[in-house]
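Observations on chain architecture
One letter stands for each residue in the lines below.
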Amino acid sequence: MRLTSMPCTRLANSLLSLLTIMSYPRLTTEQMLRKDQKTISRQDTKVAISAIYMDLEAFLQRSGLIADLHAFCQSHNCDVLVTMTIFFNTHNEPVRQLAIFCPHAALRMTICGVLEHSHSPSLKLTPAPSTHPHLQAYLQGNTQVSRKKLLPLLQEALSAYFDSMKIPSGQRETEGVCREQADKELDRAGNSLVPGLSQDEEEPPLPPTPMNSLVDECPLDQGLPKLSAEVIFEKCSQISQSQSTAASLSKK
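Heads up: these notes are all about the structure in this document. (Residues numbered from 1 in each chain as written. Predicted model: local features only at pLDDT ≥ 70, side-chain atom pairs only at ≥ 80, totals over all residues. Heavy atoms only, no water.)

Our next topic: the environment of Leu-33. Topologically, Leu-33 is positioned in helix α2 (residues 29-35). A residue is classified by how much of its surface remains accessible, and Leu-33, at 0% relative accessible area, is buried. Placed 39 residues apart in sequence, Leu-33 and Phe-72 show a C-alpha to C-alpha distance of 8.5 Å. Apart from residues lying up to four places away in sequence, Leu-33 is in contact with Ser-50, Ile-52, Phe-59, Leu-69, Phe-72, Leu-81 and Thr-83. (Helix = DSSP H or I, 4+ residues; strand = E, 2+ residues; numbered from the N terminus. Buried < 20%, exposed > 50% of the residue type's maximum accessible area, 1.4 Å probe, protein only. Contact = heavy atoms within 4.5 Å.)

The following block contains the structure:
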């Protein structure tokens, strides 16, 4: 039996819609942001990235959203909050959107600039209307760029931000020490990021190898790897794209 792209995308759409209907209306904004969140940092600057399975427009229309975003950043010591929304439209096509919330204008502009001008990968961002100066929203044209691929771009944006900061004249003698410390902190952030990526939505962890001894506890008792909505979204999008390409070639 052949699996066509339409049933696959409909299945993913149904699962994502079910996740939204059953979970999100009963959650506060903070709970929604914490439900599927990762963080990166450099020096004293921390960026939180949350995946939300709903239309960004609906999310931005939540009552008291800006106040909630401010409270979330303060309670979690975040300087930047990046929200990635994922859903299927009425034509069963995958849709990704981005929202960058940051009260610090220079930092927000640097991050937006890096994401807008990125070519490897290209996000193909289209600015969307925003009602608040601290928030910039985008429609992401390249739906193949997931959060896993976005994290290195955000690290690059943090590096660009700190490189652009000017050092006061009275601190020039400490420039080498500060740069060395910043590099060490960046390395630590990168090392902490690698394990996180292996647990990301695109690459769920494989079950551990069973032990030879029947006396010892079997690692499989911990259960099979979790199957998230993002996994279904990514796999169905890939199947849909590959089958569309094959159909186009067969017509030629």
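We now examine the environment of Arg-42. Within the secondary structure, Arg-42 sits in strand β1 (residues 37-42). For Arg-42 and Ser-159, which are 117 residues apart along the polypeptide, the C-alpha to C-alpha distance reads 8.0 Å.

With that settled, consider the pattern of salt bridges. Following the criterion strictly, the structure yields one salt bridge and no others. In this structure, Asp-36 and Arg-147 form a salt bridge, with 2.8 Å as the shortest nitrogen-oxygen distance. Pair noted here: Asp-36 is in the loop between α2 and β1 and Arg-147 is in helix α6 (residues 147-164), with a separation of 111 residues, a long-range link. Judged by its relative accessible area of 19%, Asp-36 is buried. Judged by relative accessible area, Arg-147 falls into the buried class, the value being 2%. (Salt bridge = Lys/Arg side-chain N within 4 Å of Asp/Glu carboxyl O.)

Judged by pairing direction, the sheet is mixed, and its six strands sit side by side in the order β1-β2-β3-β4-β6-β5 without closing on themselves. The open sheet terminates on both sides in strands that have one partner only, identified here as β1 and β5 (125-128). The average undirected angle you get between the axes of adjacent strands in this sheet is 20°. The strands that helix α4 (residues 65-75) touches are β1, β2 (45-52), β3 (80-88), β4 (94-101) and β6 (135-140); relative to β4, the one it contacts most, it runs at about 70°. Contacts from α6 reach β1, β2, β3 and β4, with the element oriented near 25° to β1. (Pairing = 2+ DSSP bridges. Axes fitted to C-alpha atoms, helices over the stretch in contact; angles between N-to-C directions.)

Our next topic: the environment of Val-114. Tracing the sequence through the fold places Val-114 in helix α5 (residues 105-117). Separated by 43 residues in the primary sequence, Val-114 and Ala-157 place their C-alpha atoms 5.8 Å from one another. If we ignore the near neighbours within four places in the chain, the residues touching Val-114 are Leu-153, Glu-156, Ala-157 and Ala-160.

Along β1, the buried face is formed by Lys-38, Ile-40 and Arg-42; none of Gln-37, Thr-39 and Ser-41, which line the opposite face, is buried. Bridging between β1 and β2 involves six bridges; their strand directions are antiparallel. By the bridge assignment for β2, Ile-40 is matched with Val-47. Where β1 folds back on β2, the antiparallel hairpin that results is connected by two residues, among which Gln-43 adopts a positive phi of roughly 55°.

It is worth stressing that arrangement in space is one thing and function is another; only the former is reported here.
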